2 protein chains.
Amino acid sequence: MKRYVYSFNEGNRSMKELLGGKGANLAEMTKLGLPVPPGFTISTEACHLFYDENKTITEGLIQEIKKAMAEVEITLEKKFGSKENPLLVSVRSGAPVSMPGMMDTILNLGLNDETVLALAEETDNERFAYDCYRRFIQMFSDVVLDIPHYNFERALQRAKEIAGVTEDTMLDAAMLKDLVEEYKKIVRKSGGKSFPQDPYEQLLLAIKAVFESWNNPRAQIYRNINKIPSHYGTAVNVQSMVFGNKGDDSGTGVLFTRNPSTGENVLFGEYLMNAQGEDVVAGIRTPQPIAKLNTHMPEIYEEILKLCNTLENHHRDVQDIEFTIEKGRLFVLQTRSGKRTSKAAVKFAVDLVEEGLLTKEEALLKVDAYQLDKLLHRTISNEGNIEAIAQGLPASPGAATGKIIFDADEVEQMGKKGEKVLLVRPETTPDDIHGMVEAQGVLTTKGGMTSHAAVVARGMGKPCVCGCDSLDIDLEEQTLKIGNRVFNKGDVLTIDGSNGNVIIGEVELVEPELNNDVLTVLKWADETRDLAVRTNADTPQDAQKAREFGAEGIGLCRTEHMFMEPDRLPIVQKMILAETLADRKKQLDKLLPIQQNDFYGILKAMAGLPVTIRLLDPPLHEFLPDVAELAIELALLKEEAQLSNPDIQKREDLLRRVKALQESNPMLGHRGCRLAIVYPEIYEMQVHAIFGAVIQLINEGVEVLPEIMIPLVGEAKELEILKDMVNRIAEEYKEKSNKELKYMVGTMIELPRACVTADKIAEHAEFFSFGTNDLTQTTLGFSRDDAEGKFLPSYIQQKIYQDNPFAVLDREGVGALMDIAVSKGRKTRENLKIGICGEHGGEPSSIEFFHNLGLGYVSCSPYRVPIARLAAAQSSIRNK
Amino acid sequence: MKRYVYSFNEGNRSMKELLGGKGANLAEMTKLGLPVPPGFTISTEACHLFYDENKTITEGLIQEIKKAMAEVEITLEKKFGSKENPLLVSVRSGAPVSMPGMMDTILNLGLNDETVLALAEETDNERFAYDCYRRFIQMFSDVVLDIPHYNFERALQRAKEIAGVTEDTMLDAAMLKDLVEEYKKIVRKSGGKSFPQDPYEQLLLAIKAVFESWNNPRAQIYRNINKIPSHYGTAVNVQSMVFGNKGDDSGTGVLFTRNPSTGENVLFGEYLMNAQGEDVVAGIRTPQPIAKLNTHMPEIYEEILKLCNTLENHHRDVQDIEFTIEKGRLFVLQTRSGKRTSKAAVKFAVDLVEEGLLTKEEALLKVDAYQLDKLLHRTISNEGNIEAIAQGLPASPGAATGKIIFDADEVEQMGKKGEKVLLVRPETTPDDIHGMVEAQGVLTTKGGMTSHAAVVARGMGKPCVCGCDSLDIDLEEQTLKIGNRVFNKGDVLTIDGSNGNVIIGEVELVEPELNNDVLTVLKWADETRDLAVRTNADTPQDAQKAREFGAEGIGLCRTEHMFMEPDRLPIVQKMILAETLADRKKQLDKLLPIQQNDFYGILKAMAGLPVTIRLLDPPLHEFLPDVAELAIELALLKEEAQLSNPDIQKREDLLRRVKALQESNPMLGHRGCRLAIVYPEIYEMQVHAIFGAVIQLINEGVEVLPEIMIPLVGEAKELEILKDMVNRIAEEYKEKSNKELKYMVGTMIELPRACVTADKIAEHAEFFSFGTNDLTQTTLGFSRDDAEGKFLPSYIQQKIYQDNPFAVLDREGVGALMDIAVSKGRKTRENLKIGICGEHGGEPSSIEFFHNLGLGYVSCSPYRVPIARLAAAQSSIRNK
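As recorded in an unreviewed UniProt entry, chain A goes by Pyruvate, phosphate dikinase and comes from Alkalicella caledoniensis. UniProt lists a comment for chain A under the heading Catalytic activity (unreviewed entry), and it reads "pyruvate + phosphate + ATP = phosphoenolpyruvate + AMP + diphosphate + H(+)". If you open the UniProt record of chain A and go to Sequence similarities (unreviewed entry), you find "Belongs to the PEP-utilizing enzyme family."

As C-alpha cells, this is what we get:
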C-alpha cells in the first residue's frame, strides 16, 4: 500500500520531491543523529491525493497521521491533547522548491482550554502558557479560519489600554486569560463556530490549509513567473514544539558556521536566553554574540561547535543554523547554505579546499560569478540603507562619489588637483574624453548602453550611469534638477554603475581587492576551463590592464575609437567629406602613420598573444557634426546675413554633403565591410598600418599575431574580395621586408544571413567571431538604443523576454542562429576557430551557452575578464 | 575508337553538349532533310583533347577532319584547295551555351592565290572573287594571326584614295587584286610569315584559334559572371560556303515565321537579291519585304513556306530563320526561336494551342511572365531610339508624358481640366495625394523604392520614377535642372517607371491592352496553378481593381495609409503626442468611426474573399513633422523674438515631444506589435473598427472573411497577448450582436527570430504571412532606403549579389530562413496557412521559389496580379 506519511527518521536530503525541501532537510539532520525535535512529514503525494479526492483528507491518510503522531508521543513520552503531559506541534508547509506566497507556519498547535492548564503547570508559568495559547488562536484563525488579523490586534490593543500598559509583555497571566476568552469570542462571531478544541481537528484543518495554499493566487503567480510546475504540490511538516522561553536555562539563536562577511573561520551569530525567535525579531532585548555562550553554557557551546562541524562536513558548505535550547537541552531546527559576500564566498571556497572538504571543482561552483564583479570595482559599503533619488542604466560597474561638474575641461583641472569630481553631461562626445579620464565617474541623462559614455567608461573601468532621463541638466544655469530638487555645480552626488542608482551626498565606498584568495580561485578556474578568455581593448592601456586580469589575447580591437580621438577627427572628417578619390587618399595618407602607431602600441602590449583587429565598422556619418545643428546654424546665419555670400555657400555645401551621408537606419546602413566595398582605400590604409606596425615589431624581435577581422559580412563574396585585398598587401610587405608574416583573416558573424550561409563564408574565413550585439539587433529587429529607451522595459515587465537580450543572450532566437552558424562553418572547415566578442562575452549564463555551443573563446571588456574566467570554468565543470 | 568529328547528317538537336548549340542545330535541320550546306562539327571533346595535348591538334584528329572534308567534297563535287572547282568553307565556334567573347566566324576559308582564280572563272566575276579573297585575308589575319584590324583598314583607305573613290564597292577587280597583294605584304611584315596558302594549314590554324578563344579573358569573365562551367569547351563547325551574291538568281534574307510584333500568322521578313548578309547590314540597298519574293521567285517562296512550316511544327515555336539563295537554289543557314513582343508572345501561345502544336501547359511556358507587365501599363512605342537624360529608380511601372508641375494643387487643377501633367517634387507627402491622383505620373528626386511616392504610385498603378538625384528642383524658381539644362514649369517631359528613365519632350506611347488572348492565357494559368494569388490593397478602389485583375483576396491591407490621409493626420498626430492615456483614448475615439468606415469599404469590395488586415505597423514618428524643420523654425522665431514667450514655450514643448519620439533606427524601433505592447489602446481601437464593420456587413447580408494580422512578432508571447486581446473584443461583438463571427488571427513573419521560433509562434498563429521586405532588411542587415541609394549599386556591379535582393528574393539567405519557418510552423500546426505579402510576391522567379517552399498564396500589388497568376502556373508546370 502506498505511504503518504514519513517520520523524520525515515527520509533523507535526496527526497526533496517527495518530502519537500524542509522535510528532507529535517530528515537528513535526524539521520545524522542531530538533536532535531521529532516529527513527521506528510508527502507531496498526499497533496495530489487531497486534490484528487476533491479537497478532502482521506480516512486512510488520517490513520497514517495518527500512527506517526503516536510514534512521536512514544519518543517524547508526551501525548497529543493530553491534560497531563500535552504534546504541542508546529505545522509548516514545505514544497520541493522554496516558494513564498504559501501558508507558512502555525506554532503551538494542540493547545486548548485544557492543555493550556497542563502547560502552565508543567512550566510553572501560567503567563507563558496563556501567551502561547493567545498567539496560537490568533495565528490559526488568521491562516486556517480566514478571520482577519486586525480583529485580534484590536482586542489586544484594548486589553493593554484597560491594563494601562504599552507593551504586550507587560500583560500578566490574568490579563492574558481574559484576552484568550475575548479571542475565542471573536472567532465565534466572525467564523460562526467556536474555536476548535479537539487537537486532531486543529491538526487536520491546518494540514488542509497548507494543501489549499498551494493553489492560492499569490502562489500561482509566483509559480508562473518562476516556471515552477504546478504538479509539484507541497508537503506538510508536523514537528514537536520546543521552547526557548521556558526559563533561564532556555534560549534561542541563529549562527553562521563562519563569518559570512569576511569569510573568517570562526562562529558568527547571536543568541538570547529565555526567549523565542519572535522576541529576537522584536528587538526589545539585545542578543548576545555567540562567543559569549562559551562562558555562559560551555557544554552547550561545545555541542554547538560539534554540530557546526558535523553539518559543514556533511554539506561541505558554510551553514546558516537556527537552534533552540530548552531547559539546558540543545535542539537544531534548521540548517541551510549560508548567504555570503563575494569576499567571503571566495575565502570559503579556498579554505574548504585546504581543509579537504571540497575539491577545487566543487569550490569553483560555490563562487557566484555574477558577484565576482563586486571585487573588481568600488562598491557602496552599506547598500541596504541607501536610497536612490534616480535610476539610469547601469552602463559601467562600480560606485563613485564626487562633486558634480558639467564641463570636461573643468573636470580635468579639478581632477588633476586631486579633487573628486563626477562628470555630468546630457551625453558625452570624443571632446569629453580628457574629462572622463580625470573624473571619478560619469553620469549622463541621454544615451543607452552603447552610447559613447557607456562604451568609453567600460573600457576605462570607470563607473558610469547613462540615460538617466529623470534628471534635467541646465548647462546655462549649471544645475541638475530632479523633480523639484535642484543641485548646483559642486554639490556632491554618488553614482553606482552596477545598478544605475544616483544617490545624494557622499557615501562610504569599499575599495576593490583582488586578494590572494581571488587569485587562487582564478588560477583553479584557468586549470579547469576549456574556453579561452580574451578582451575587448582599443588602447595599449586597456590591453595592459586586461593582461593583468588574465586575458589571453584581444578578441576585439575596434579601430573606430582611434578615428574619434580629438586630434584626428578633423582629418577623418575631411577624409569622409572628400568628393574625389584623390582627396580621400590624401587624408588617408595623413591617417596612416597615426594608425600604424596605434597598432604598434597594441600589438606590443599583447606581445606573444593573438590580437583581433576589426577594420572600420560604423557608418561614416557617425564621425560628422549633427545635421540639425548645422541646419540651425546656417538658417540663423542666413537670417542675420552675418556672412558674405561665398561663406554661406560654403556652409551650404557642407550641410549638403553631411546630409547626403545621413541614413535613415544607420545600423542597417553603409557601414562595416560595405564601406570598403565602395571605398576600398579606407581598409587598404588600415591594412597598411597593421602590416607596417607588424614589420616594425618583428624588427624589434617582438612576436605578433594579428588576426584581421572584416565586420558585417553577409555574403561570402564580400569577404572573398576583402581577404584578397589583405593578402595582396601582406605580400607586398613580405617581399619588401623579406620576413615571414604570421596573420589570419576572418570575419564577424553578426548578421542572420551570415549565420545561414556560414558554410560559404567559412570557405574564406580563417576564423569567426560572433558579434552578438549586432546579431541580437538584427535577429530580434531591435535597435538597442531605441529599444532600451522605449519599449524594452514594457517587454521585460510583461515577461515577454525574461531578461534584456542585450545583457543575457537570447538563446532561443539568437542562440539558434549561432548554432546554425557553428555547424555550417565547421562543416566547411572542421577546425574553424570560433569566438564571440559581443557584450555577452562577459555574462556568466551566456558564457555557459557559448561553451556548450563549442566556441573556442569569449572576449569581454578588461574588467569582466576574471568573471569570464570563472564562468568558463564553472561551465566546464557543469557540462563535463 | 573515340570519334571527334561528326558530319551534319550524323547529329541531332539533343547533342548540344557534344556538338555545341550551333552544330546540333545544323545537324537537326540536315536530319529534317532541309537544304543545309553540307559540313561537319569538331566536337567539344576535341577541345578537351586539344588542351590535354598541350594545345596541339593530334594527327588522329587531323585525319578525321580530312575524312569528313572528303565526304563534303563528294557531296558537292568540289575539292578543298582545288584549282578547278575549289571547295570554300566557313569556320565557326559553337559552345553548348551561347557565349559572346569568343572567336566567332571566318568565311571563305580555302581561298589562296590559285583558288581565287578558279572562283573568278567559275562565277565569271573576277571582282567578286578578289573581294572574297581580300575579306578572307583580313578576317583570318585579325582573328587567327592576331594582326590588328586597323593595318588593313588603312591600306583599304589608301587604295580608295588612289582610286579616287569613296565606297569599297567602287573598287574594281584590278584595284582589289592590288589590294590583296598589299594585304599579303602587311601579313608578312606584321606576322613575320607569309599568308598561308595551304588550305589545310588555314583550316587547322582556324580550328586552333577557335579552341584557344574558349579561354581568352573576355570569355572567362563571361563564364564567371554567368556561372557557365569552364569544362564545357567549345565545338567547331566547318561548313561549305554558299553565296547569295553570285548574280541575279542569288540572294539572301532573314524572316520570322509569324509577325514578332503583333503575333499575326503571316511570314515576316525581308530579302535582297545578289547580296551577302554584310550588304544588308551596310544599308546601301533597301531590302524587299519577304512577300515580294512570291512574285519574284514563286517556287523559292513556296519552298520557304514549306520550310517555315516544317521548322515551326518541328520546334513547336515561332522561328527566326536565315537563308541564302545561290543560283536559284535555296539554302537554310540557321533557325532559332524568334524574339517577340509580349503581345505577340501571348498571341503565339494561344494560336499554337489552337493549331494543336502546343498543349496549354507548353504554351504557358512560352510567355515570359516578366514581359507581361508591359501589357498592363502604357509603354514607350519605339524604345530603342529613345535617349534618357537621367535615370532614377523604377518605382512604379508604365510610361507617362506631360507638362512638369511642382505643386500638387496646380497639378490637380490642370489635371481636372484634362491637361496631361507630371507631378515633380523632391519627395511627396500625404499632402500631395490629390495631385498624384490627377497626374499622369510622378517624378521625385529623393526617396527610394519604399518612399511615399513609390508606395502610393504603385498602389494607384501610376507611373513613378523616384530618387532621381541627378535632377535638381528649385521650388522658388519653379525650375528643374539637369546638369546645365534648365526646364521650366510647363515644359514637357516623359518618364518611364519600368526602367527609371527620364526623357525630354513628348514620346509616343502604346496603350495597355488586356485583350482576349491575354485573358485566355490567364484562364489557363488559373486552371494550372497551385498557388493562390492575392493582392496588397489599402482602399476599396485598389481592391476593386485587383479583383478585376483576378486577385483571390487581399493578402495585405496596410492600415497606416489610412492614418496618413490629410483629414485624419491632425487627429493621429494629437493621438501620438498625447501624454496621458485619457488624452490618447480621446483621439482614438475620434479615429474609430473613420477606421470602421475604411474597413467597411474594403471588406465590402472583397465580399466573399479573405481580407488580411495588418494592424498599425510603422513607428509613430513617421506621422509627425520633421525634427530639423521644427528646430530651425523655432530657432528663427527665437532669434526674431516674433512670438511672445508662452508661444515659444508651446513650440519648444512640441519639439521636445517630437524629439522624444525620434529613433536612431526606426526600422528596428518602436513599431509593429511593439506599439500595441506599450499602447494596447491603439490596436484595440483598430480591432473595434474591424468588428464594427463586420457586424454592419453581416447585417447587410455580405459575406466577410477578415484575417487580422499582427505585424513584427519576434516572440510568441507578443502574439499570445495580442491574440487574446482580439478574441476578447470579438467576444464582445458576438455577444452584443448575437452573430457568429468568422475571422482568423495570424502574424507576419518578418524577423529572423520569428523564423527560428516559428514552432512556438504557430501555437498562437492561425496563419503566417511572410513580410519579405522587412525580412530581407533584417536578414541582410540592409536598410532598403539607405542601401539602394548608397552601396547596393556597387554590390550589384561587383556581382556580390546578382540581383537587388529587394526585387528578387535572396534565396540563399532569406530563403533559408523562410524554409526554417515553414517547416517549424507546420511541425506545430500541420495545415498552417502560409502566404507572402512582401514585394517579392509579384516577382516571377521568387514566386517559383515560394511555390516550391510550399506556400499557399502570394500577395502583390494589383497591377502585378496577372503576372503572379502566370508565374504561379509556370512554376506548377515546371515543378510537377
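A.B. asks: It is not clear to me how the relation of the copies chain A and chain B should be interpreted in this structure. Could you clarify?
C.D. replies: One chain copy maps onto the other through a rotation about an axis and a shift parallel to that axis. Once chain A is rotated about the relating axis by 179° and shifted along it by 0.0 Å, it coincides with chain B to within an RMSD of 0.4 Å. The superposition of one copy onto the other is thereby described by a two-fold rotation axis. When you check the interface residues of chain A against chain B, 100% turn up at the interface there too, and the contact is symmetric in its surfaces.

A.B. asks: Could you clarify how one ought to interpret the UniProt feature "active site" (unreviewed entry) in chain A in this entry?
C.D. replies: Residues and elements named next belong to chain A. Mapped onto this structure's residue numbering, the UniProt feature "active site" (unreviewed entry) falls at His 452 and Cys 837. Its place among the elements puts His 452 in helix 18 (residues 452-460). Classification of His 452 by relative accessible area gives buried; the value is 19%. Within the element layout of this structure, Cys 837 appears in the loop between strand 32 (833-836) and helix 35 (844-853). When its relative accessible area of 4% is taken as the criterion, Cys 837 is described as buried. Ignoring any residue separated from it by four or fewer positions in sequence, one finds Cys 837 in contact with Asn 536, Gly 555, Leu 556, Met 709, Met 748, Ser 769, Phe 770 and Ser 859.

A.B. asks: How should unusual backbone geometry be read in this particular structure?
C.D. replies: Note on backbone geometry: most residues besides glycine have negative phi, and most peptide bonds are trans. The phi torsion at A:Asp124 lies on the positive side, around 55°, for a residue other than glycine. With a relative accessible area of 70%, A:Asp124 lands in the exposed category. Positive phi outside glycine occurs at B:Lys799, with the angle close to 60°. With respect to the helices and strands, B:Lys799 occurs in the loop between helix 33 (792-797) and helix 34 (811-828). Exposure remark for B:Lys799: the relative accessible area of 30% places this residue in the partly exposed category.

A.B. asks: Mind showing me how you'd approach the sheet that holds strand 6 (residues 105-109) of chain A here?
C.D. replies: Strand pairing within a sheet occurs via backbone hydrogen bonds; the two strands may be parallel or antiparallel. Residue and element names in this part refer to chain A. Pairing in this open sheet of 5 strands is antiparallel, and the strands run 1-2-7-5-6 from one edge to the other. Looking at strand neighbours, the two that pair on one side only are strand 1 (5-7) and strand 6, the edges of this open sheet. Shown here is a sheet whose adjacent strand axes are inclined to one another by a mean of 20°, direction ignored. Direction of pairing for strand 2 (residues 39-42) relative to strand 7 (residues 235-240): antiparallel, over a ladder of 4 bridges. Following the sheet pairing, Thr 41 is matched in strand 7 by Asn 237. Where helix 3 (residues 59-76) meets the sheet, its contacts fall on strand 1, strand 2, strand 5 (89-94) and strand 7, and the angle it forms with strand 2 comes to roughly 165°.

A.B. asks: Would you take a moment to explain the interface of chain A and chain B for this structure?
C.D. replies: With 57 residues of chain A at the contact, the number on the chain B side is 58 residues. Together chain A and chain B conceal approximately 4900 Å² of surface at their shared face, both sides included; 57% is due to carbon and sulfur atoms. Interface area lost by chain A to chain B is led by A:Leu668, A:Arg753 and A:Lys790, which between them contribute 14%. At the junction of chain A and chain B, the tally comes to 5 salt bridges. A salt bridge links A:Lys760 to B:Glu812; the nearest nitrogen and oxygen atoms lie 2.9 Å apart.

A.B. asks: I keep staring at the pattern of salt bridges and nothing clicks. Help me out?
C.D. replies: Side chains that carry opposite charge are capable of pairing whenever their charged atoms lie near each other. All names here are of chain B. One pass over the full model with this rule turns up 107 salt bridges over all chains. The partner of Arg 258 in a salt bridge is Glu 312, and the shortest N-O contact between them spans 2.8 Å. One end of the pair, Arg 258, is in the loop between strand 8 (251-256) and strand 9 (268-273); the other, Glu 312, is in helix 12 (residues 298-315), and 54 residues separate them in sequence. Taking relative accessible area as the criterion, Arg 258 reaches 1% and is therefore assigned buried. Judged by relative accessible area, Glu 312 falls into the buried class, the value being 6%. As a salt-bridge pair, Lys 366 and Asp 317 come within 3.4 Å of each other at their nearest N and O atoms.

A.B. asks: Explain the packing of aromatic side chains here, please?
C.D. replies: Aromatic ring pairs are reported here in terms of the distance separating the ring centres and the angle at which the planes meet. All chains considered together, the criterion is met by 38 aromatic pairs over all chains. Taken together, a centroid distance of 5.3 Å and an interplanar angle of 80° make the contact between A:Phe50 and A:Tyr51 edge-to-face. The buried category is assigned to A:Phe50, whose relative accessible area is 1%. Exposure remark for A:Tyr51: the relative accessible area of 24% places this residue in the partly exposed category. Aromatic pair B:Phe140 and B:Phe195: ring centres 5.5 Å apart, planes at 75°, arrangement edge-to-face. In this pair, B:Phe140 is assigned in helix 5 (residues 126-143) and B:Phe195 in the loop between helix 7 (173-191) and helix 8 (199-213), connecting sequence segments 55 residues apart. In this arrangement the basic side chain of B:Lys66 is found over the ring face of B:Tyr200, its NZ or CZ atom lying 4.9 Å from the centre.

A.B. asks: Looking at this model, I keep getting lost on the pairing of strand 7 of chain A. Mind explaining?
C.D. replies: Residues in a regular strand project their side chains so that they alternate between the two faces of the sheet. All names here are of chain A. By the criterion of burial, strand 7 is predominantly enclosed, with 6 of the 6 residues buried. By the alternation rule, side chains of strand 7 split into Ala 235, Asn 237 and Gln 239 and Val 236, Val 238 and Ser 240, which are all buried. The pairing of strand 5 with strand 7 spans 6 bridges and is antiparallel. Looking at strand 7, one finds that Arg 92 is bridged to Asn 237.

A.B. asks: I would appreciate a short explanation of helix 2 (residues 44-52) of chain A in the present structure.
C.D. replies: Along an α-helix, residues three or four apart share an orientation, since each turn contains 3.6 residues. All names here are of chain A. For helix 2, every residue scored as buried is listed here: Thr 44, Ala 46, Cys 47, Leu 49 and Phe 50. Tucked inside the fold, the buried residues of helix 2 contact helix 1 (16-31), strand 2, helix 3, helix 8 (199-213) and strand 7. Asn 54 sits one or two positions beyond helix 2 and adopts a positive phi of about 60°.

Conventions we followed
Residues numbered from 1 in each chain as written. Chains lettered and ligands numbered in written order. Predicted model: local features only at pLDDT ≥ 70, side-chain atom pairs only at ≥ 80, totals over all residues. Heavy atoms only, no water. UniProt positions renumbered as here; feature names shortened; annotations may be inferred. Least-squares fit on C-alpha atoms with pLDDT ≥ 70 in both. Contact = heavy atoms within 4.5 Å. Helix = DSSP H or I, 4+ residues; strand = E, 2+ residues; numbered from the N terminus. Buried < 20%, exposed > 50% of the residue type's maximum accessible area, 1.4 Å probe, protein only. Pairing = 2+ DSSP bridges. Axes fitted to C-alpha atoms, helices over the stretch in contact; angles between N-to-C directions. Buried area = accessible area lost by both parts, 1.4 Å probe. Salt bridge = Lys/Arg side-chain N within 4 Å of Asp/Glu carboxyl O. Phe/Tyr/Trp six-rings, centres within 6.5 Å; stacked < 30°, edge-to-face > 60°. Lys NZ or Arg CZ within 6 Å of the ring centre and 35° of its normal.

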